[in-house]
Amino acid sequence: MTELWERALSDLRSRLSTENFQTWLAPVQCVGIEKDTVTLRIPNRFFQDWISAHYIDLILDSLKRETKQEKLTVSWEIDEELQERVSPTPTEPERLPAPQVRPASLPGGRHAADLNPKYSFDNFVVGPSNQLAHAASVAAGSDPGKRYNPLFIYGGVGLGKTHLVNAIGHRILCDKPDARILYLSAERFTNEFIWSLQNHRITDFRGRYRERCDVLLMDDIQFLAGREQTQEEFFHTFNALYHSDRQIVVTSDAYPQQITEMEERLISRFQSGMVADIQAPELDTRVAILLRKAEQEGIALETEVANFLAQVVKSNVRELEGTLLRLAVKAELLNRPIDLELAKETLRAVLPATDRATTVEDIQRAVCDYFGIRIADLKSHRRHRAVSFPRMVAMFLARQRLGTSYPELGDRFGGKDHTTVINAVRKITGMIEKDDEQTLSAIAAVERKLGF
Ligand code: ADP
Ligand code: MG
């Protein structure tokens, strides 16, 4: 057994970065395989969550190859003694701190608000799609802890949630330079919490979030889904701040009720204040965002060209900005002006080929073509990465491009649960945000094929 696991590990080592391998896989032990269940021993629950979300397909792949078994599932066994062996590895603070790594900004270290200086109200373009969220953010930033507390902002990826929360922080600091503002993602909160538990620093942790904090800006709260202990901690943090009138702002990719596996009492806290959504921007807003961005970056952009780009790129602001920057780089390299001609050349691949509306089946077919797999594979329950990755990409595209509901997508992909679809969309979104090459090129290729 040990030998088999060693072989699987050495295969995995070659497929992961050293840092990820050391942090997540080196501490894992294989207890045994019985029929089609392999039992893995891990130091704590967080490892289970993390490995399930990121490495399980790779692990099963390797083990299947080693054991020549077609089907394998994992069962987990938590062994706290393993904890002792999890040695701290240095991690860049911007990367995800592994739970055992001391987070960059726990008490003892200096803490800045960690706000992104690029994101202010000044450079946020307001339109019908984000008007409410913007107004609520300005109000919360001008009069923190009063009328809009808590403020809950939700909306799809790349629509400006992180931008707005940071802007709130800047506005508060501007009025009250001494305000103790904590801006962080729910993911970092989770990691710091676990680290503090493991290293007996929970009192510090609580002091930091419940007492030495005037404003808590928590990004991407959906990360807490299914993490009961962290939710409980956050619940108490929330109450402590709320009852002393300190401002709390939370962002999420979904409306409170729609966050899966979130405790009811937290959901009702989120709903007790102001809930504001951000929608995809309308054409005029997209044009205005492009012009503003161009001005900020010193790019000479004619309104005509901005109009053209805004008509073609519709999904989200991040993509809009990306297109503009690509165009600017191309112009510079070719030593040409940014005009309609260059824009059309650059975007030709993504211009719509036909007027017929794309369907989920079209997306499935295009994804299968690209990856060289069958539609039946896509709809199967196989978890092999060669199949599961294309499946996730197809789910993501259908959701993002067609807006099909999660349950319906579950049906169209061979009768899967809607949470499977939600997880797939999230996983691909995460990969995109990390600029993962394979994901980006797959999506670009499939979108081109579909004429998006
Ligand atoms: P989210 O957190 O919702 O995924 P971000 O806040 O990271 O989205 O926004 C993605 C990019 O789009 C950022 O560079 C942000 O500055 C920009 N952006 C989004 N909305 C606007 C807007 N209304 N005006 C100007 N820039 C925007
Ligand atoms: Mg964000």
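(A) Region of interest: the environment of phenylalanine 234. Relative to the helices and strands, phenylalanine 234 resides in helix 10 (residues 228–243). Considering only alpha carbons, one finds phenylalanine 234 and leucine 266, 32 residues apart in sequence, at a separation of 8.6 Å.

(B) Spotlight on the domain arrangement of the protein chain. Each assigned domain of the protein chain is listed here: domain 1 (2–85), domain 2 (131–278), domain 3 (283–350) and domain 4 (360–450). Look at where the C-alpha atoms of domain 2 and domain 3 centre, and you get two points 34 Å apart.

(C) Looking closely at the pattern of salt bridges. Tallied over the full model, the rule gives 29 salt bridges. Across the salt bridge formed by glutamate 77 and arginine 41, the nearest N and O atoms sit 3.1 Å from each other. On the criterion of sequence distance, the pair formed by glutamate 77 in strand 3 (residues 73–78) and arginine 41 in strand 2 (residues 37–42) is long-range, its members being 36 residues apart. For glutamate 77, a relative accessible area of 31% puts it in the partly exposed group. The salt bridge involving lysine 293 is made with glutamate 321; its shortest N-O contact spans 3.9 Å. Here lysine 293 is found in helix 12 (residues 283–297), whereas its partner glutamate 321 is found in helix 14 (residues 317–334), with 28 residues between them in sequence. Residue lysine 293 is classed as buried on the basis of its relative accessible area of 11%. On the accessibility criterion, glutamate 321 (27% relative accessible area) is partly exposed. Several salt bridges converge on common partners, so that one network encompasses Asp114, Arg188, Glu192 and Arg208.

(D) Summary view of the sheet that holds strand 3. Strand order in this open sheet of three strands is 1-2-3, and the pairing throughout is mixed. Looking at which strands have only one partner, the edges of the open sheet turn out to be strand 1 (29–34) and strand 3. Direction aside, neighbouring strands of the sheet carry axes that sit 25 degrees apart on average.

Calculation rules
In every chain, residue numbers begin from 1 and rise along the written sequence. The order in which chains are written sets their letters, starting at A; the order in which ligands are written sets their numbers, starting at 1. Reporting in this predicted model follows two pLDDT cut-offs: at least 70 for local features of residues, and 80 or more for side-chain atom pairs to be given and counted; totals over whole chains, interfaces and linings ignore these cut-offs and use all residues. To get the side-chain values, take all heavy atoms of the structure and skip hydrogens and water. Counting from the N terminus, the helices are DSSP H or I runs at least four residues long and the strands are E runs at least two residues long. An automatic or database domain assignment supplies the residue ranges for each domain. We define a salt bridge as a side-chain nitrogen of Lys or Arg found within 4 Å of a carboxyl oxygen belonging to Asp or Glu. To sort residues, take the accessible area from a 1.4 Å probe on protein chains only and compare it with the maximum for the residue type: under 20% means buried, over 50% means exposed, and anything in between is partly exposed. Here, a strand pair is defined by DSSP locating no fewer than two bridges between the strands. Note on definitions: angles span 0 to 180 degrees between N-to-C directions of axes, and those axes are lines fitted to C-alpha atoms, for helices only across the stretch in contact.

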